[in-house]
Amino acid sequence: MKFNKNILKNRWASNALAISIGVLVYLFFSHLDVVGKGVAAFFGFINPVIIALIIAYVMDPLTKVFEHYVFRRMHREIARRNLAVVCTILIILAGFVFLMVALIPQIVNSIITFFDNVNVYAEEIRTLIGNLQKHASDSRFDFSKILNSGQALLDTIVSKIPSNMESIINTSFSIGRNIVTWVIAVIMSIYFLADKSRLQAGFGKLMHAILSEKAFRNSSKFWNHCNTIMIRYIVGELLDALIIGLSNFVFFLIVGLPYNLLISVVVGVTNLAPTFGPIVGGVVGAFILVLNNPWHALWFIIFTIILQTIDGYVIKPKLFGNTLGVSSVWILVCIIVGGRMFGVPGILLAIPFAAISDYVYNNYILVVLENRKSKRREKAQEHADANGNGCEKARKENADMEDMEDMADMARKEREEAVDAKE
């Protein structure tokens, strides 16, 4: 049965369509929980694909280095690309294995030290609370309620840790239940990297068939610029995290602080998150060190403040330059909103999102608004010119009429003078 488009011209059809759309919008917003569960279930199914695309996108710059610089003399493009992908995977895998071998003993040692010294820490805190209570009584200030609450909380924590040791261990092991998903994602990312040219060509043909030539060129220019921003941001952030982590590791070796590799990795990884990441890394590192020696934590905090100051004013400006020159207020807004909406991924992607949105605003939205304003101004000018031409024509016609009237008056006077002369 063929649909008759003329039906939409009837008033009842347009009203029925508007009512149907309104009902659908109402159902959508009144059942957001169901919609959210459906979206979550859908993304749960395609989660390995999304993770694989992200991994492939992050590894692509290193693959390009091998492809265009290390193996540039190879003439077969497919072989050069595959070899570059293999070298990238081997380097990342070797780094991951090295970190695990070096980190796992320190993590286990720190956990064992913490649980072995729980009673010691509790006794020291009790002593501190007692001293505070004594000073408060000497000063005639009632701290009893606060101190009693802290004492009760401490006793609860100390009593709960041994009894819930099994649940803590089970929770720790449950973190590794997503290993299969990540393994599948890593394998898929290797295929995405190897078939990058074919995938890009196929997607380009599809978009070229859907869009017009001008729209295709504009969209290609836009996505190429966004890709440049993302790649520069990813490379810059990884280099910055590596520099911060290595600097922290060298400082720990020179001063002789424990858990050098563990805290350096924590500081480097948390430094990837803008604004709040260095604070989190400093707090975690200080907490690990204060369990061993409070003076070590103090030296670490002082060094972290100095290092983050140098990083903010020297290292990051050298790495990023002015290519991501975006307002700091807009970046802060994107970090807060992105973190509240999407969590850690929203914080990590806040800066490139701010740069891309700033580019869209300055190069698309403002341009469209200015073009519309200029077109309205041109139309107003044309209308004014048309009115001006009409007034000028009217003035000329009036002048011509006045000239004709003057000529008629002169002819009438001449006739009257001639009549008078004859008489």
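Nothing here was measured: the structure is a model prediction, and the numbers come from that model.

1. Some remarks on helix 9 (residues 213–255)
Thought 1: Helix length check: helix 9, at 43 residues, gives a terminal C-alpha distance of 63 Å against a target of 63 Å (1.5 Å per residue), a fit within 8%.
Thought 2: One or two positions beyond helix 9, positive phi appears at Gly256, with a value near 85 degrees.

2. Quick word on the environment of Val255
Thought 1: Considering the arrangement of structural elements, one finds Val255 in helix 9.
Thought 2: On the basis of relative accessible area, Val255 is assigned to the partly exposed category, the value being 42%.
Thought 3: The spatial distance from the C-alpha of Val255 to the C-alpha of Phe300 is 9.8 Å, given a sequence separation of 45 residues.

3. What about the pattern of salt bridges?
Should their charged atoms come close, side chains of opposite charge can pair.
Thought 1: Within the structure shown, the criterion is met by four salt bridges.
Thought 2: With a shortest N-O distance of 2.8 Å, Glu67 and Arg81 are connected by a salt bridge. Here Glu67 is found in helix 2 (residues 32–70), whereas its partner Arg81 is found in helix 3 (residues 77–116), with 14 residues between them in sequence. By the burial criterion, Glu67 is buried, and Arg81 matches it.
Thought 3: Salt bridges here are not isolated pairs; linked through shared partners, they connect Asp60, Lys64, Glu67, Arg81 and Lys196.

4. Side note on the packing of aromatic side chains
Thought 1: Considering all chains together, one arrives at eight aromatic pairs under this definition.
Thought 2: Geometrically, the ring pair formed by Phe222 and Trp223 is edge-to-face, given 5.1 Å between the ring centres and 70 degrees between the ring planes.
Thought 3: For Trp223, a relative accessible area of 56% puts it in the exposed group.
Thought 4: Seen from their ring centres, Tyr359 and Tyr364 are 5.9 Å apart, and the 75 degrees between their planes marks the pair as edge-to-face.
Thought 5: A connected cluster of aromatic rings, assembled from ring pairs, spans Phe222, Trp223, Tyr359 and Tyr364.

5. Description of unusual backbone geometry
Thought 1: Here the phi dihedral of Tyr259 falls at roughly 55 degrees; this positive angle occurs in a residue that is not glycine.
Thought 2: Position of Tyr259 relative to the elements: it lies in the loop between helix 9 and helix 10 (260–270).

6. What to know about the side chain of Ser264
Thought 1: For Ser264, the position within the fold is in helix 10.
Thought 2: In this structure the side chain of Ser264 is engaged in a polar contact, spanning 3.2 Å, whose partner is the backbone nitrogen of Phe249.
Thought 3: When neighbours within four sequence positions are excluded, Ser264 is seen to be in contact with Gly245, Asn248 and Phe249.

7. Some thoughts on helix 11 (residues 277–290)
Owing to its 3.6 residues per turn, the α-helix brings residues three or four apart onto one side.
Thought 1: Helix length check: helix 11, at 14 residues, gives a terminal C-alpha distance of 20 Å against a target of 20 Å (1.5 Å per residue), a fit within 8%.
Thought 2: Taken residue by residue, helix 11 has Gly277, Pro278, Gly281, Gly282, Gly285, Ala286, Ile288 and Leu289 as its buried positions. Buried positions in helix 11, seen along its axis, are confined to an arc of 160 degrees and lie on one side of it. Residues of helix 11 that are exposed and point more than 90 degrees away from the buried face comprise Ile279 and Val283.

8. Some points on the environment of Asp240
Thought 1: Structurally, the position occupied by Asp240 is in helix 9.
Thought 2: For the pair Asp240 and Leu272, spaced 32 residues apart in the sequence, the C-alpha separation amounts to 8.0 Å.
Thought 3: Not counting residues up to four positions away in its chain, the partners in contact with Asp240 are Asn271, Asp311, Ile315, Lys316 and Leu319.

9. Some words on the confidence of the model for the protein
Thought 1: For the protein, the average pLDDT comes to 75, and 70% of its residues sit at 70 or higher.
Thought 2: The weakest mean pLDDT in the protein belongs to helix 6 (residues 165–174) at 56; the strongest belongs to helix 10 at 86.

10. As for a nonpolar patch on the surface
Thought 1: Nonpolar side chains collect at one region of the surface, where Phe276, Ile279, Val283, Val329, Trp330, Leu332, Val333, Ile336, Val337, Met341, Phe342 and Phe353 lie side by side and expose about 1,200 Å² of accessible area between them.
Thought 2: Top contributing element to the nonpolar patch by residue count: helix 13 (residues 328–342), with eight residues.
Thought 3: The residue Leu332 is located in helix 13 in this model.

11. A look at the side chain of Thr88
Thought 1: Note that Thr88 resides in helix 3.
Thought 2: Of note is the side chain of Thr88, whose polar atom sits 2.8 Å from the backbone oxygen of Ala84.
Thought 3: The contacts of Thr88, once residues within four sequence positions are left out, are Met59, Leu62, Thr63 and Phe66.

12. Describing the nonpolar core
Thought 1: Of all hydrophobic cores here, the largest spans 19 residues; its most connected members are Phe252, Ile263, Leu289 and Phe300.
Thought 2: Sorting the residues of this core by element identifies helix 3, helix 9, helix 10, helix 11 and helix 12 (294–320) as the ones contributing at least two each.
Thought 3: When residues of this core are assigned to their parent elements, the largest contribution, five residues, is made by helix 12.
Thought 4: The next biggest cluster of nonpolar side chains, apart from the first, holds nine residues, and it includes Ile51, Ile55, Val85 and Ala185.

13. Notes on the packing of helix 10 against helix 11
Thought 1: Look at helix 10 against helix 11: their axes get within 8 Å of each other, and the N-to-C directions meet at 165 degrees. Comparing their axes, helix 11 and helix 10 come out roughly antiparallel. In this structure, helix 10 crosses over helix 11, and the sense of that crossing is right-handed. In this structure, helix 10 uses Leu262, Ile263, Val266, Val267 and Thr270 to contact helix 11, whose residues at the interface are Gly277, Pro278, Val280, Gly281, Val284, Gly285, Ile288 and Leu289.

14. Points about a positive patch on the surface
Thought 1: Taken together, the side chains of Lys214, Arg217, Arg372, Lys373, Lys375, Arg376, Arg377 and Lys379 define a basic patch exposed on the protein surface.
Thought 2: Secondary-structure elements contributing two or more residues to the positive patch are helix 9 and helix 15 (350–422).
Thought 3: Examined against the element boundaries, Lys214 turns out to sit in helix 9.
Thought 4: By relative accessible area, Lys214 is classed as exposed at 57%.

What counts and how
Residues numbered from 1 in each chain as written. Predicted model: local features only at pLDDT ≥ 70, side-chain atom pairs only at ≥ 80, totals over all residues. Heavy atoms only, no water. Helix = DSSP H or I, 4+ residues; strand = E, 2+ residues; numbered from the N terminus. Expected span 1.5 Å × (residues − 1). Buried < 20%, exposed > 50% of the residue type's maximum accessible area, 1.4 Å probe, protein only. Salt bridge = Lys/Arg side-chain N within 4 Å of Asp/Glu carboxyl O. Phe/Tyr/Trp six-rings, centres within 6.5 Å; stacked < 30°, edge-to-face > 60°. Polar contact = N/O pair within 3.5 Å; in protein donor to acceptor, adjacent residues only side chain to side chain. Contact = heavy atoms within 4.5 Å. Arc of directions from axis to C-beta. pLDDT = per-residue confidence, 0-100. Patch = residues over 30% accessible without salt bridge, like charges linked within 9 Å, V, L, I, M, F, W, Y side chains within 5 Å. Areas by Shrake-Rupley, 256 points an atom, 1.4 Å probe, with all protein chains shown as cover. Core = buried A, V, L, I, M, F, W, Y, C linked by side-chain atoms within 4.5 Å. Axes fitted to C-alpha atoms, helices over the stretch in contact; angles between N-to-C directions. Parallel < 35°, antiparallel > 145°, perpendicular 65-115°, else oblique. Left-handed = near helix turned anticlockwise from the far one by under 90°. Lys, Arg positive; Asp, Glu negative; His and termini not counted. Charge placed at Lys NZ, Arg CZ, Asp CG, Glu CD.

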